[in-house]
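Notes for the structure review
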Amino acid sequence: MSVSSTPAAPRVGFISLGCPKALVDSERILTQLRGEGYDLVPTYEDADLVVVNTCGFIDAAKAESLEAIGEALNENGKVIVTGCMGVEEATIRELHPQVLAVTGPQQYEQVVQAVHQYLPPMKEHNPYIDLMPPQGIKLTPRHYSYLKISEGCNHRCSFCIIPSMRGDLVSRPIGDVLGEAERLVKAGVQELLVVSQDTSAYGVDLKYRSGFYQGRPVKTRMKELCQELGQLGAWVRMHYVYPYPHVNDILPLMAEGLILPYLDIPFQHAHPEVLKSMKRPAASEKTLERILSWRALCPDLTLRSTFIVGFPGETEAHFEYLLDFLDEAQLDRVGCFTYSPVEGATANDLPNPVAEEVKEERLARFMEKQAQISAAKLQRKIGRHLEVLVDDVGDDGAVARTQADAPEIDGLIYLLDQTHLKPGQRLMVEVTDADEHDLWGRPL
């Protein structure tokens, strides 16, 4: 009597670099591969082949991507490259000629085809045996997930090459977005983080035409998207919002508690001359007026932003103007970067580059100023009762986040000795202490 052994499934390792939008791309590729019977493994030793999803936004990210490719080649030997840096295939192959294939961003089918070529799927695979969860493969913890609503960008900021890598804005059909969100929430997701290159432009390429969700017409527009997402019962957090006038329309939804009172708006700078060089909206006075009006509509609004210091042509006076803006705007969460030239960006051709030591000195002064603002704002939260979402539980207690804090980039609230809590649990707490970044609290 002969005994037939079941052939082992081909095994794929995966490295995902870059922003949350790239993470969503990785999840889509992994979901496709898992559906075709590939095993997904966490180590080089166990993998038959490794896929590296690269980032190519700034030179430091490119260097990290090239290093990750080199490590994968050294440790495994069979490597397929995809993602934003994939548009620079010549650069990749010059340093790493051994890579099997290189594909660009959003080229999901080409990545999967390359895997098929160098690591064919099992002929005997039965897709009805290895069933996947409806939400697909996720790389985030079970209780939160990124929800990508569009690809590309219509802006041409002088420091950015994303449109040359990912193209102009292409909005996902609203029925697809809402269907995915519904599946995620049914699978236990407690927080949906809405991401894109330009979230507030959602639907502009489609002229805001109506799509269908659950048999109902719904406009492909940010306000309607927020209204529908707010019905699902999860936290809904808006990232990468460009300050168009219609952003005002979603503030009442935040005030009503339909979506989180949180806006992530990358202002990049405050001085009109620098903003003009960046090809960004150049009216910081109006920005301050709008911030005041937003807070009047929604007093609990959290504003997160990012800024660039040391942009070509930035003078000390420009930088002092930016510090004054921080004092007036009183933003809640802020990230800052020194300007880094990116190959292909038009800002590289601007005159009067800023010396590296001046960039670093300005970055330190900027962060010191914002730390003072953040510390004062967090001190005012002591004694308040806030809803939190638990991220992790250890021997010392639980680590959670308030509605004002996005995962990985904002602050935390520590619930000491609360070891009985579970990740993904939402509860009310009283804030008992604070420093310049984080809070401490106790359950009510």
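In this text the structure is predicted, and so the values were computed from the model without any measurement. Starting from 1, residues in each chain are numbered consecutively following that chain's sequence as written. With pLDDT at 70 or above as the cut-off, local features in this predicted model cover only qualifying residues; side-chain atom pairs require 80 or more to be listed or tallied, and sums for whole chains, interfaces and linings still use all residues. Excluding hydrogens and water, the side-chain values take into account all heavy atoms of the structure.

1. Section: the side chain of Asp391
Numbering of helices and strands runs from the N terminus; a helix is a DSSP stretch of H or I covering at least four residues, while a strand is a stretch of E covering at least two. Inspection of the secondary structure puts Asp391 in strand S16 (residues 385-394). Counting of polar contacts relies on pairs of N or O atoms within 3.5 Å, with two restrictions inside protein: one atom must be capable of donating a hydrogen and the other of accepting it, and residues adjacent in sequence are counted only when both atoms are side-chain atoms. At 2.7 Å, the side chain of Asp391 forms a polar contact with the side chain of Arg401. If near-sequence neighbours (up to four positions away) are discounted, Asp391 is found in contact with His143, Tyr144, Val399, Ala400, Arg401 and Pro423. Residues are treated as being in contact if the distance between any of their heavy atoms lies within 4.5 Å.

2. Looking at the nonpolar core
Across soluble globular proteins, nonpolar side chains show a tendency to be buried alongside one another. What makes a nonpolar core is a set of buried Ala, Val, Leu, Ile, Met, Phe, Trp, Tyr and Cys residues whose side-chain atoms join them at distances within 4.5 Å. Accessibility here uses a 1.4 Å probe with only protein chains present; expressed as a share of the type maximum, an area under 20% marks a residue as buried, one over 50% as exposed, and anything in between as partly exposed. In terms of nonpolar packing, the biggest core is built from 50 residues, with Leu263, Phe307, Leu331 and Phe366 touching the most fellow members. The element contributing the most residues to this core is helix H11 (residues 316-329), with 6 residues. In contact with Phe366, not counting residues within four places along its chain, are Phe307, Val309, Phe319, Leu322, Leu323, Leu326, Val334 and Cys336. Among the nonpolar cores identified, the runner-up in size contains 18 residues, and Val41, Leu73, Ile92 and Val99 belong to it.

3. Quick notes on a negative patch on the surface
Residues enter a patch when their relative accessible area is above 30% and they make no salt bridge; the linking distance is 9 Å between like charges and 5 Å between nonpolar side chains (Val, Leu, Ile, Met, Phe, Trp, Tyr). In these tables, accessible area is a Shrake-Rupley quantity obtained with a 1.4 Å probe, and a residue counts as shielded only by the protein chains included in the view. Every case where a carboxyl oxygen of Asp or Glu lies within 4 Å of a side-chain nitrogen of Lys or Arg is listed as a salt bridge. Counted as positive: Lys and Arg. Counted as negative: Asp and Glu. His and the chain ends are not counted at all. Where a charge sits is defined by one atom per residue type, namely NZ (Lys), CZ (Arg), CG (Asp) or CD (Glu). Side chains of Glu45, Asp46, Glu64, Glu67, Glu71 and Glu75 sit close together on the surface and give a patch of like negative charge. By secondary structure assignment, the location of Asp46 is in the loop between strand S2 (39-41) and strand S3 (49-54).

4. Some remarks on the pattern of salt bridges
Under the defined criterion, the tally for this structure stands at 27 salt bridges. The salt bridge partner of Asp48 is Arg11, with a shortest N-O separation of 3.2 Å. Linking Asp48 in the loop between S2 and S3 with Arg11 in strand S1 (residues 11-16), this pair joins segments that are 37 residues apart in sequence. Judged by its relative accessible area of 24%, Asp48 falls in the partly exposed class. Arg93 serves as the salt-bridge partner of Glu89, at 2.8 Å between the closest nitrogen and oxygen. Of the two residues, Glu89 and Arg93 both sit in helix H3 (residues 89-95), 4 residues apart, roughly one turn of that helix. The partly exposed category is assigned to Arg93, whose relative accessible area is 28%. One network of salt bridges, with partners in common, ties together Glu314, Glu316, Glu320, Glu361, Arg362 and Arg365.

5. Digging into the pairing of strand S10 (residues 210-213)
Residues of S10 alternate between two faces, with Gly211 and Tyr213 buried on one and Ser210 and Phe212 left unburied on the opposite face. Strand pairing follows a simple DSSP-based rule, namely that at least 2 bridges must link the two strands. The turn joining S10 and strand S11 (residues 216-219), which pair antiparallel and follow one another in sequence, is formed by 2 residues; a positive phi near 55° is taken by Gln214.

6. Here we look at the pairing of strand S14 (residues 302-309)
In terms of burial, S14 is largely enclosed, as 8 of its 8 residues are buried. Along S14, one buried face is formed by Thr302, Arg304, Thr306 and Ile308 and the opposite face, lined by Leu303, Ser305, Phe307 and Val309, is buried too. Here 3 bridges tie strand S13 (residues 262-264) to S14, and the two strands are oriented parallel to one another. Its bridge partner lying in S14, Leu263 is registered against Leu303. Inspection of the sheet shows S14 paired to strand S15 (residues 333-338) by 6 bridges, in the parallel sense. Across the sheet, Val309 pairs through a bridge with Thr338, a residue of S15. Call a crossover right-handed when, viewed with both strands pointing away from you, the route from the first strand across the helix to the second goes clockwise. Following the chain from S14 across H11 to the adjacent parallel S15, one finds a crossover that is right-handed.

7. Focus on the UniProt feature "binding site: [4Fe-4S] cluster 1" (unreviewed entry) in the protein chain
UniProt positions are given in the numbering used here, feature names are shortened, and annotations may be inferred rather than shown by experiment. The positions that UniProt labels "binding site: [4Fe-4S] cluster 1" (unreviewed entry) are, in the present scheme, Cys19, Cys55 and Cys84. In summary, the annotated positions, though distributed over 66 residues, converge in three dimensions, the widest C-alpha pair being only 10.6 Å. Checked against the element boundaries, Cys19 lands in the loop between S1 and helix H1 (20-35). Inspection of the secondary structure puts Cys55 in the loop between S3 and helix H2 (59-75). With sequence-adjacent residues up to four places away left out, Cys55 is seen in contact with Leu17, Gly18, Ala61, Lys62, Ser65, Cys84 and Met85.

8. Quick look at the sheet that holds strand S19 (residues 426-434)
Reading around the circumference, S16-S17-S18-S20-S19 is the order of the 5 strands in this closed barrel, with mixed pairing throughout. Across the sheet, the mean angle separating the axes of adjacent strands is 50° when strand polarity is ignored. Of the strand pairs in this sheet, strand S18 (residues 413-416) and strand S20 (residues 439-443) are connected by 2 bridges, and their pairing is parallel. Counterpart to Ile413 in the pairing with S20 is Leu439. Between N-to-C directions, angles span 0 to 180 degrees; the directions come from axes that are lines fitted to C-alpha atoms, helices contributing only their stretch in contact.

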